[in-house]
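Spelled out, the chains give:
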Amino acid sequence: MADNKGVLVVGDIIEGKMAAITAEMLGAGKKLATKLGEPLCAALLGSEVKALAAEAIAAGADKVFVVDDANLKDYQSDAFVMAAESVIKAANPRIVLMGQGNVGRDLAPRLAFRLNTAISMDCVDLDVDDNKHLVQTKPVYGGNARAIFTTEALPQMATVRAKAMTALPRDAAKTGEVVDVASGIDPAKIKTKFVKKIKEEVAGVKLEDAPAVVAGGRGIGGPDGFKQLEELAKLFKGAGGATRPAVDNNWVPATIQIGLTGKIVAPELYIAIALSGSSQHMAGCSGSKTIVAINKDPESNIFREARFGIVADWKQALPAFTAKVKDLLKE
Ligand SMILES: Cc1cc2nc3c(=O)[nH]c(=O)nc-3n(C[C@H](O)[C@H](O)[C@H](O)COP(=O)(O)OP(=O)(O)OC[C@H]3O[C@@H](n4cnc5c(N)ncnc54)[C@H](O)[C@@H]3O)c2cc1C
């Protein structure tokens with residue numbers, strides 16, 4: 001590929017809507033495109049997705065490439081990799097960004113291999129240097145350090161962690177170009193079949209979208225304690241979270257694990273109870289606006305991360321804390 005230009009964000013479409021991470025990537029992509037003096041483009045792959053082009057434009061895209069094909073109704077990697085390759089060949093971008101979600105994790109490395117280029121997965125910061133190289137920052141060694149990469153090959157590819165980037169304010173008046181691209185899908189090359197979609201049952205607010213998260217750790221000691229945390233979370237219209245040991249002990253489902261190998265959250269309020277604040281846990285919640293910690297060990301690392309802290313046994317502190325919140329909500 002020669003004369004690569006622009007930043008292309010490959011959008012995530014969830015339940016027929018453009019995912020929040022796509023708007024975040026367009027926000028990050030805008031900064032890179034402005035610095036390069038090149039356009040910001042989006043690619044939407046799916047079935048009957050053309051109407052979403054307006055959303056991508058309102059989120060910052062100057063141009064949207066749409067691949068509309070019935071084979072792209074549900075995610076299937078053979079079909080998506082063919083369609084993504086077609087769109088990248090049509091757009092010829094300098095930089096390709098994808099979300100580090102279920103689709104990006106699977107699709108991005110396959111796509112990079114096909115395009116004979118390199119990729120950095122799970123980036124938390126992106127920039128471009130004076131040589132127009134994409135500067136890709138990602139956590140390494142289990143979240144204990146950050147490494148910075150650049151690549152010579154084109155297009156330069158990265159996946160981006162959810163909540164690491166900020167979306168632009170939505171601009172419904174913004175205009176942009178919409179270009180249809182043929183999918184290039186050869187059905188004979190689709191080796192696996194989509195059988196069934198099983199929806200995760202979520203009671204209350206979805207963890208990733210919750211304005212407040214009350215997370216517990218090993219020190220909670222069992223599933224009953226987590227019910228008390230849940231009660232506090234409900235008062236804030238928030239969700240419950242947990243560290244890995246709480247999940248490994250089967251006290252709570254794996255769907256609420258927060259951290260390097262769990263979910264990434266960035267709520268207004270993060271209440272961390274009886275957890276030590278390991279780097280692997282903080283990798284999933286350090287973007288929270290305000291962290292409040294309850295821990296009986298004053299030397300615990302969580303107090304270095306928290307804005308407010310209570311040094312106490314959670315079994316004593318939590319009922320008083322919850323009662324106070326109830327009182328304040330009544331006022
Ligand atoms: C590759 C890798 C990936 C990982 N991914 C994740 C991940 O995604 N998420 C994650 O959470 N971990 C992850 N881990 C595990 C991580 O390293 C830590 O072991 C884990 O986060 C510690 O959980 P914790 O804070 O609940 O437990 P601990 O570190 O054991 O801390 C328990 C805390 O509870 C306090 N405590 C105990 N009793 C009470 C009480 N009665 N009242 C108040 N405080 C009390 C203690 O003082 C202590 O600070 C990962 C590890 C590896 C190697």
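Residues numbered from 1 in each chain as written. Predicted model: local features only at pLDDT ≥ 70, side-chain atom pairs only at ≥ 80, totals over all residues. Heavy atoms only, no water.

Peer 1: Could you give an account of the pattern of salt bridges, with specific residues and numbers?
Peer 2: All told, the structure shown has 19 salt bridges when counted by the stated rule. In this structure, Lys-191 and Asp-78 form a salt bridge, with 3.8 Å as the shortest nitrogen-oxygen distance. Linking Lys-191 in the loop between β12 (177–180) and β13 (212–216) with Asp-78 in helix α3 (residues 77–91), this pair joins segments that are 113 residues apart in sequence. Its relative accessible area of 66% is what places Lys-191 among the exposed residues. In this structure Asp-78 comes out as buried when scored by relative accessible area, which is 7%. The salt bridge partner of Arg-244 is Asp-248, with a shortest N-O separation of 3.8 Å. Of the two residues, Arg-244 and Asp-248 are both situated in helix α6 (residues 244–248); the distance of 4 residues between them amounts to about one turn of the helix. What emerges from the salt-bridge pattern is a single network uniting Lys-30, Asp-62 and Lys-174. (Salt bridge = Lys/Arg side-chain N within 4 Å of Asp/Glu carboxyl O. Helix = DSSP H or I, 4+ residues; strand = E, 2+ residues; numbered from the N terminus. Buried < 20%, exposed > 50% of the residue type's maximum accessible area, 1.4 Å probe, protein only.)

Peer 1: If you had to explain the domain arrangement of the protein to someone new, which residues and values would you point to?
Peer 2: The domains assigned to the protein are domain 1 (7–189) and domain 2 (207–330). Averaged C-alpha coordinates put domain 1 and domain 2 at centres separated by 33 Å. Facing 6 residues of domain 1, the contacting portion of domain 2 comprises 7 residues. Both faces combined, the contact of domain 1 with domain 2 buries some 610 Å², and carbon together with sulfur accounts for 53% of it. Of all residues in domain 1, Gly-142, Arg-161 and Lys-163 bury the most surface against domain 2, accounting for 71% of the area lost on that side. For the interface between domain 1 and domain 2, the tally reads 0 salt bridges. At the junction of domain 1 and domain 2, the tally comes to 2 residue pairs in polar contact (both at pLDDT 80 or more). (Domains from an automatic or database assignment. Contact = heavy atoms within 4.5 Å. Buried area = accessible area lost by both parts, 1.4 Å probe. Polar contact = N/O pair within 3.5 Å; in protein donor to acceptor, adjacent residues only side chain to side chain.)

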